[in-house]
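Chain by chain, the residues run as shown.
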Amino acid sequence: MSLSTLLGIWVAAALTFMIFSFLYKDNAVYKLGEHVFLGIALGYGWCIYYWNDIFSNAIAPLVYPLEGQARNWTLIIPIVLGAFILIRVVPRLAWLSRYSFALLIAGYAGLAVPNEIAGRFLPQLVATMGPFGPGWVGAVTQAVLLLGVFCTVVFFFFSLEHRGLVGKIGRVGVLYIMVAFGAAFGYTVMARVSLLIGRFQFLIYEWISTMHGSS
Amino acid sequence: MQKLANIILNLDRRVIYLIVFICVLVPLLKPLELPFEPTQEVKEAFNDIEALEPGSVVLISCDFGPSTIPENYTMLEALLHQCFRRHLRVIAMTLVPAGAALGSRGMREAAEFIDASGARLYPDLEYGSDYVYLGYKPGSTAVMLSIGQSFTDAFPRDHENRVTSQMPIFREITALADCKYIFDIASVGLPEYWVSYASERENVPLSVNCTAVSAAQYYPYYASRQFRGLVGGMKGAAEYEKLVGMEAIIGRIPDATKGMDAQSAVHLFIVLAIIIANIFYIMQGRQERREGEVS
């Protein structure tokens, strides 16, 4: 094992213990770990964004074009529009950013609306209103699904007072929502335990193993 | 009994943390090897990949960061070994900045895996022909739409700054529609976008490995067959490892499988804690009502 790997493992283990110390109570060591994490995450994020976005999409095609390719001067337009967004810090010129935002919102809406309707909304609607079956298990499953969708939609329909029949249907909708919350919460517990297991696996199989040189 | 109820209902949270720690630690040190069987949604993702013709291209998007390594990285390892063993070609990328290094590590470790005999497990694999790692590109949906037009336009250079247009794989595979399968390994909400902006648009089947937190919200997509398979959390990854036969490939119990005993132990403790706390809660309520009636 190289010295840098060894050092990395020990630093990671130390940071893990620093963060775990919060479970006992808030303390200075935990705060230090938290700040180290935030600083590193910000620095790492900035580097990634610079090299993968600013450099590769804006600087490289203009300054360092690929062999056999001309400089892409049209990129100056999005670069200027991007600069307009940053220029908001100057109140006198903040109005310039409106052009960039207008283009951004219009472009994204134009892309999102057809893709979301065709790719998500309609296929989900078709699946919800699918045929009853196959077999009686499939028919019951589809009926439970349809009932759930109907009752939950009624619960979120606020133009009618939730009394009488509407209230009763809404209560069934609440039951469906509760089941969904229960499932989501169960899965969330499972996810958080998985992360704890991951940290323990790191401490046992990587950090402790460095102490007796088994890896 | 009243005293016991008071102790249980006012238990210091640190005692619960300690018990959870013990429940995780003991099974990791002394594995119980509790049995588990792959579920239908995991089997379907696995069977789809198994059914692909050798040479087909699978696009893997490594949309996860270090915080979900136990749930996602384990899945990436299993999926890559399955692809390489089946002679499938892999194009990998990420839409999450924190996933850039992890995706690269996963590809390298699987492609250059050294088996127990000290030889490379996949000696014929060649970077740029059989597998490529494109790295990170910001813009999520814009990138998905862009690879629908051209991989090399969306990613002129790969993660290591190599020119993609010179790679043999991209002479044949120009855009997303040329891929036979998309597998999104995600800790964030990107699978929903992969459905709308890639899978449905280009008619390429999609399977998803997500964190357990997100699994519940993705079942409608599995039910509508927009996700061909759904591998949820570390449990799903463990099931996938079992189907791929990771233990035989890497010569030890794989990480997600190893964690399942600890997961079961903590779940058992949580279930018991909920039952016990509720029993004492009901008992205390009755006691208070009785005392109220007497006074």
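Residues numbered from 1 in each chain as written. Chains lettered and ligands numbered in written order. Predicted model: local features only at pLDDT ≥ 70, side-chain atom pairs only at ≥ 80, totals over all residues. Heavy atoms only, no water.

Here we look at the overall build of chain B
Thinking step 1. Counting secondary structure elements, chain B contains 13 helices and six strands.
Thinking step 2. Considering only C-alpha atoms, chain B reaches an extent of 85 × 45 × 30 Å along its principal axes.
Thinking step 3. The contacts of chain B with a sequence gap of at least 6 include a subset with a gap of at least 24, amounting to 74%.
Thinking step 4. Total accessible area computed for chain B in this model is approximately 13,000 Å², and 55% of it derives from carbon and sulfur atoms. (Helix = DSSP H or I, 4+ residues; strand = E, 2+ residues; numbered from the N terminus. Contact = heavy atoms within 4.5 Å. Areas by Shrake-Rupley, 256 points an atom, 1.4 Å probe, with all protein chains shown as cover.)

Description of the interface of chain B and chain A
Thinking step 1. In this assembly, 52 residues from chain B lie in contact with 39 residues from chain A.
Thinking step 2. Counting the contacts that link chain B with chain A gives one salt bridge.
Thinking step 3. Among the ionic pairs, A:Arg120 bridges to B:Glu192, the shortest N-O distance being 3.4 Å.
Thinking step 4. Linking chain B with chain A are 17 residue pairs in polar contact (both at pLDDT 80 or more), by the criterion used here.
Thinking step 5. When residues of the side of chain B that touches chain A are traced back to their parent elements, those giving at least two are α2 (13-29), α4 (69-85), α5 (99-111), α6 (141-149), α9 (190-202), α10 (212-223), α11 (233-244) and α13 (255-294) of chain B.
Thinking step 6. Looking at the side of chain B that touches chain A element by element, the count peaks at nine residues for α2(B).
Thinking step 7. Broken down by class, the residue content of the side of chain B that touches chain A amounts to 31 nonpolar, ten polar and eleven charged. (Salt bridge = Lys/Arg side-chain N within 4 Å of Asp/Glu carboxyl O. Polar contact = N/O pair within 3.5 Å; in protein donor to acceptor, adjacent residues only side chain to side chain. Nonpolar A, V, L, I, M, F, W, Y, C, P; charged D, E, K, R; others polar.)

Looking at the confidence of the model for chain B
Thinking step 1. Residue-level pLDDT values for chain B average 93, and 100% of them are 70 or greater.
Thinking step 2. Across the predicted assembly, pTM comes out at 0.89 and ipTM at 0.87. (pLDDT = per-residue confidence, 0-100.)

Digging into helix α2 (residues 28-63) of chain A
Because the α-helix completes a turn every 3.6 residues, residues three or four places apart line up on one side.
Thinking step 1. Along α2(A), the sharpest change in direction is near 60° and occurs at A:Phe55.
Thinking step 2. Of all the positions in α2(A), only A:Tyr30, A:Gly33, A:Gly45, A:Ile48, A:Asn52, A:Phe55, A:Ala58, A:Ala60 and A:Leu62 are classed as buried.
Thinking step 3. In the core, the buried residues of α2(A) are packed alongside α1 (3-20) and α3 (76-86) of chain A together with α5 and β3 (131-136) of chain B.
Thinking step 4. Looking at where α2(A) begins, the residue whose side-chain oxygen comes 2.9 Å from the main-chain nitrogen of A:Val29 is A:Asn27. (Bend = angle between axes of the 7 residues up to and from the residue. Buried < 20%, exposed > 50% of the residue type's maximum accessible area, 1.4 Å probe, protein only.)

Quick look at the sheet that holds strand β4 (residues 181-186) of chain B
Residues and elements named next belong to chain B.
Thinking step 1. Strand order across the open sheet formed by six strands is β3-β2-β1-β4-β5-β6, with parallel pairing between neighbours. The outermost strands of the open sheet, each flanked by one partner alone, are β3 and β6 (230-232). Ignoring which end each strand starts from, the neighbouring axes of this sheet average 15° apart.
Thinking step 2. Examined bridge by bridge, strand β5 (residues 206-210) and β6 share three bridges and lie parallel to one another. By the bridge assignment, Asn-209 is partnered in β6 with Val-231.
Thinking step 3. Sheet strands touched by α9: β1 (57-63), β2 (89-94), β4 and β5. Its angle to β4, the strand with the most contacts, is close to 160°. (Pairing = 2+ DSSP bridges. Axes fitted to C-alpha atoms, helices over the stretch in contact; angles between N-to-C directions.)

Describing the nonpolar core
Residue and element names in this part refer to chain B.
Thinking step 1. If you look at the biggest cluster of nonpolar residues, it comprises 61 residues, and the most contacted ones within it are Ile-49, Ile-60, Leu-79, Phe-84, Val-90, Phe-183 and Tyr-240.
Thinking step 2. In terms of residue count, the dominant contributor to this core is α4 (eight residues).
Thinking step 3. Looking at which domains feed residues into this core, each of domain 1 (2-31 + 262-294) and domain 2 (40-252) gives three or more.
Thinking step 4. In contact with Leu-79, other than residues within four places in its own chain, are Ile-49, Ile-60, Phe-183, Ile-185 and Tyr-240.
Thinking step 5. Membership of the second largest hydrophobic core comes to 38 residues, among which are Met-93, Val-143, Ala-198 and Ala-215. (Core = buried A, V, L, I, M, F, W, Y, C linked by side-chain atoms within 4.5 Å. Domains from an automatic or database assignment.)

Description of the packing of aromatic side chains
Thinking step 1. Counted under the stated rule, the structure contains 27 aromatic pairs over all chains.
Thinking step 2. Aromatic pair A:Tyr49 and B:Tyr136: ring centres 5.9 Å apart, planes at 80°, arrangement edge-to-face. Pair noted here: A:Tyr49 is in helix α2 and B:Tyr136 is in strand β3, and the two residues belong to different chains.
Thinking step 3. We classify B:Tyr136 as buried; its relative accessible area is 3%. (Phe/Tyr/Trp six-rings, centres within 6.5 Å; stacked < 30°, edge-to-face > 60°.)

A look at the pairing of β5(B)
Residues and elements named next belong to chain B.
Thinking step 1. In terms of burial, β5 is a largely internal element, five of the five residues being buried.
Thinking step 2. Burial along β5 is two-sided: Leu-206, Val-208 and Cys-210 and Ser-207 and Asn-209, pointing in opposite directions, are all buried.
Thinking step 3. Sheet analysis places β4 next to β5, joined by five bridges and oriented parallel. Bridging from a neighbouring strand, Ala-186 pairs with Cys-210 of β5.
Thinking step 4. Assessed by its sense of winding, the connection that carries the chain from β4 through α9 to β5 is right-handed.
Thinking step 5. Handedness of the crossover joining β5 and β6 through α10: right-handed. (Right-handed = clockwise from strand over helix to strand, strands pointing away.)

Considerations on the pattern of salt bridges
Thinking step 1. Applying the stated rule across the entire model yields 15 salt bridges over all chains.
Thinking step 2. Salt-bridge contacts for B:Glu37 lead to B:Lys242; the nearest nitrogen and oxygen are separated by 3.5 Å. Separated by 205 residues along the polypeptide, B:Glu37 in the loop between α2 and α3 (40-51) and B:Lys242 in helix α11 bring together distant segments of the chain.
Thinking step 3. A single salt-bridge network, built from bridges that share partners, covers A:Glu116, A:Arg120 and B:Glu192.

Considering the environment of A:Ser2
All names here are of chain A.
Thinking step 1. Note on placement: Ser-2 falls in the segment before α1.
Thinking step 2. Polar side-chain contacts of Ser-2 include one of 3.3 Å to the side chain of Ser-4.
Thinking step 3. In this structure the side chain of Ser-2 is engaged in a polar contact, spanning 2.7 Å, whose partner is the side chain of Thr-5.

Here we look at the domain arrangement of chain B
Thinking step 1. The domain architecture assigned to chain B consists of domain 1 (2-31 + 262-294) and domain 2 (40-252).
Thinking step 2. The C-alpha-based centres of domain 1 of chain B and domain 2 of chain B are spaced at 41 Å.

Some words on unusual backbone geometry
All names here are of chain B.
Thinking step 1. Positive phi values are uncommon outside glycine, yet Glu-33 reaches one of about 50°.
Thinking step 2. Among the secondary structure elements, Glu-33 is positioned in the loop between α2 and α3.
Thinking step 3. Classification of Glu-33 by relative accessible area gives exposed; the value is 60%.
Thinking step 4. At Asn-161, a residue that is not glycine, the phi angle is positive and equals roughly 70°.
Thinking step 5. Looking at the element boundaries, Asn-161 is found in the loop between α7 (151-154) and α8 (169-172).
Thinking step 6. Assessed through its relative accessible area of 47%, Asn-161 is described here as partly exposed.

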